[in-house]
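If you want the building blocks of each chain, they are given just below.
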Amino acid sequence: MKPLVLTTIMTTIISGTIVVLMSSHWLTVWIGFEMNMLAIIPILMKKFNPRAMEASTKYFLTQATASMLLMLGIIINLLLTGQWTVLNTPNPITSNTMTMALAMKLGLSPFHFWVPEVTQGIPLSSGMILLTWQKIAHLSILYQISPSINPNLLMIMAAMSVLAGGWGGLNQTQLRKILAYSSIAHMGWMIAVTTYNPTLMLLNLTIYTMMTLGAFMLFTLNSSTTTLSLSHMWNKLPLTTSLVLMIMLSLGGLPPLSGFIPKWMIIHELTKNDMIIAAMFMVMTALLNLYFYMRLTYATALTMFPSTNTIKMKWQFENTKNIILLSPLIVTSTMLLPLTPMMTTLF
């Protein structure tokens, strides 16, 4: 893709998200979503092949359906209240319709089936944008309408998402699918706490984004898309094997790494609101995620797969890939736990 075209498309994606974040009018929110959706499709098809075409088509059809459902909710809200204000959604029909539309856009269960398929068919760089930046606008609207959302509906979708994200990733060998199921599970944790403490959802989103960006950058550094290619990383980039181990365990929420902070605070918030059974269920299903992350770390850092003599010395050659901001992302993705008291005060 030519630099000028890429710059224009990325500017449109960023502008669409900013329009959504700054809008208090439902029509401009919808326009921002559409700008974002239409601009990211060329990014998904950056490597033009049948798989990328299929993934982009699935993404477009799902997002277009969700956009129509969102517009239906907006029109119902307009007919009932006479207003276009985002914060004014008091009717249960309106809030439920909008919640389902945003859940479909985010890939929450039971609308999660498109996420692994789309992520698997696109390049690593496009998958990184899809699983991080594309979540910001939709979660910001959930944050704004959180007082009028039915908490039971959100908790059911959260429990289903955490279960689907953990169960779906167990048998996978494709790294992009594993990160897609990880995204579904993390979205479940985020929306579980939305009605009780929406600001905590933003903390979870921030830490999740940093961990996912770090994981994608490490995979891009080695051009790894499968567990098998990841298992040869010790031969090319010895130091990176330990970094992958730390990032994967942090994504699984294992203390004392950064990924434990949002899970710890969300469990505390749920138990404070007498949601003990829901918190226990989510903790138990999080063990499924931790299992397949442990499987990746085992294949990467704890085994030495057989290799031919011709590739024994690959680590001596300098890597020409320029991965920006990888070092600070690794640090923030793994070492933020001592800052938890400050985050508790802020959030």
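Model, not experiment: these values are computed from the prediction.

Analysis parameters
- Residues numbered from 1 in each chain as written.
- Predicted model: local features only at pLDDT ≥ 70, side-chain atom pairs only at ≥ 80, totals over all residues.
- Heavy atoms only, no water.
- 1 Å grid on protein atoms, 1.4 Å probe; cavity = no way out; pocket = protein on both sides within 12 Å on 5 of 7 lines; lining within 4 Å.
- Points joined across faces, edges and corners; volume = space filled by probe spheres on them.
- Helix = DSSP H or I, 4+ residues; strand = E, 2+ residues; numbered from the N terminus.
- Nonpolar A, V, L, I, M, F, W, Y, C, P; charged D, E, K, R; others polar.
- Patch = residues over 30% accessible without salt bridge, like charges linked within 9 Å, V, L, I, M, F, W, Y side chains within 5 Å.
- Areas by Shrake-Rupley, 256 points an atom, 1.4 Å probe, with all protein chains shown as cover.
- Salt bridge = Lys/Arg side-chain N within 4 Å of Asp/Glu carboxyl O.
- Core = buried A, V, L, I, M, F, W, Y, C linked by side-chain atoms within 4.5 Å.
- Buried < 20%, exposed > 50% of the residue type's maximum accessible area, 1.4 Å probe, protein only.
- Contact = heavy atoms within 4.5 Å.
- Axes fitted to C-alpha atoms, helices over the stretch in contact; angles between N-to-C directions.
- Parallel < 35°, antiparallel > 145°, perpendicular 65-115°, else oblique.
- Left-handed = near helix turned anticlockwise from the far one by under 90°.
- UniProt positions renumbered as here; feature names shortened; annotations may be inferred.

Caption draft 1: A look at the layout of surface pockets. Considering only enclosed or pocket space, the largest pocket measures out at about 540 Å³ in volume. Those elements that place two or more of their residues in the lining of the largest pocket are α1 (3-22), α6 (124-131), α7 (133-145) and α10 (198-222). By residue number, the principal contributor to the lining of the largest pocket is α10, which donates 5 residues. Across the lining of the largest pocket, the residue classes break down as 16 nonpolar, 5 polar and 1 charged. Of the voids in this model, the second largest pocket is the one considered here, and its volume is about 290 Å³. Contributing to the lining of the second largest pocket are 16 residues, with Lys-47, Ile-122, Pro-123, Leu-124 and Arg-176 lying nearest its centre. Among the elements of the structure, α3 (50-81) and α6 are those that each provide at least two residues to the lining of the second largest pocket. Class assignment of the residues belonging to the lining of the second largest pocket gives a composition of 4 nonpolar, 7 polar and 5 charged.

Caption draft 2: Structural detail: empty space enclosed by the protein. As enumerated under the stated definition, the model contains 3 cavities of 30 Å³ or more in all. Around the largest cavity, the lining residues are Ser-182, Ala-185, His-186, Trp-189, Leu-251, Gly-252, Lys-263, Ala-286 and Asn-289. Of all the elements, helix α9 (residues 175-192) adds the most residues to the lining of the largest cavity, at 4 residues. Counted by class, the lining of the largest cavity contains 4 nonpolar, 4 polar and 1 charged residues. Here the second largest cavity is characterised by a volume of approximately 40 Å³. For the second largest cavity, the full set of lining residues is Phe-33, Asn-36, Met-37, Tyr-59, Gln-63, Lys-105, Gln-134 and His-138. Elements with a contribution of two residues or more to the lining of the second largest cavity: α2 (26-44), α3 and α7.

Caption draft 3: Geometry of a nonpolar patch on the surface. On the surface, Ile-14, Ile-18, Leu-21 and Met-22 cluster together to form a nonpolar patch covering roughly 380 Å² of accessible area. Inspection of the secondary structure puts Leu-21 in helix α1.

Caption draft 4: Structural detail: the nonpolar core. Judged by nonpolar contacts, the single largest core of 95 residues is most densely connected at Trp-26, Tyr-59 and Met-248. Examining the composition of this core, we find that 14 residues originate from one element, α10, more than from any other. Setting aside residues up to four positions removed in sequence, Tyr-59 forms contacts with Met-37, Ile-40, Ile-41, Leu-44, Trp-114, Val-118, Leu-130 and Gln-134.

Caption draft 5: Structural context of the packing of α3 against helix α4 (residues 92-106). Running from N to C, α3 and α4 point in directions that differ by 165°, and their axes come no closer than 8 Å. Between α3 and α4, the interaxial angle falls into the category roughly antiparallel. Where α3 crosses over α4, the two elements pack in a sense that is left-handed.

Caption draft 6: Representation of the pattern of salt bridges within the structure. Tallied over the full model, the rule gives 4 salt bridges. For Lys-58, the salt bridge identified is with Glu-117, shortest N-O distance 3.7 Å. Of this pair, Lys-58 sits in helix α3 while Glu-117 sits in helix α5 (residues 114-120), and the two are 59 residues apart along the sequence. The exposure class of Glu-117 is partly exposed, given its relative accessible area of 37%. Put simply, Lys-177 and Glu-117 hold a salt bridge, and the shortest N to O gap is 3.8 Å. Residue Lys-177 is found in helix α9, and its partner Glu-117 is found in helix α5; the two are separated by 60 residues along the sequence. Connected through salt bridges with shared partners, the residues Glu-54, Lys-58, Glu-117 and Lys-177 form a single ionic network.

Caption draft 7: Expanded view of the UniProt feature "domain: NADH:quinone oxidoreductase/Mrp antiporter transmembrane" (unreviewed entry) in the protein. Mapped onto this numbering, the UniProt entry gives "domain: NADH:quinone oxidoreductase/Mrp antiporter transmembrane" (unreviewed entry) at residues 23-288. Taken end to end, residues 23-288 is 77% helix and 0% strand, and its two terminal C-alpha atoms sit 38 Å from one another.

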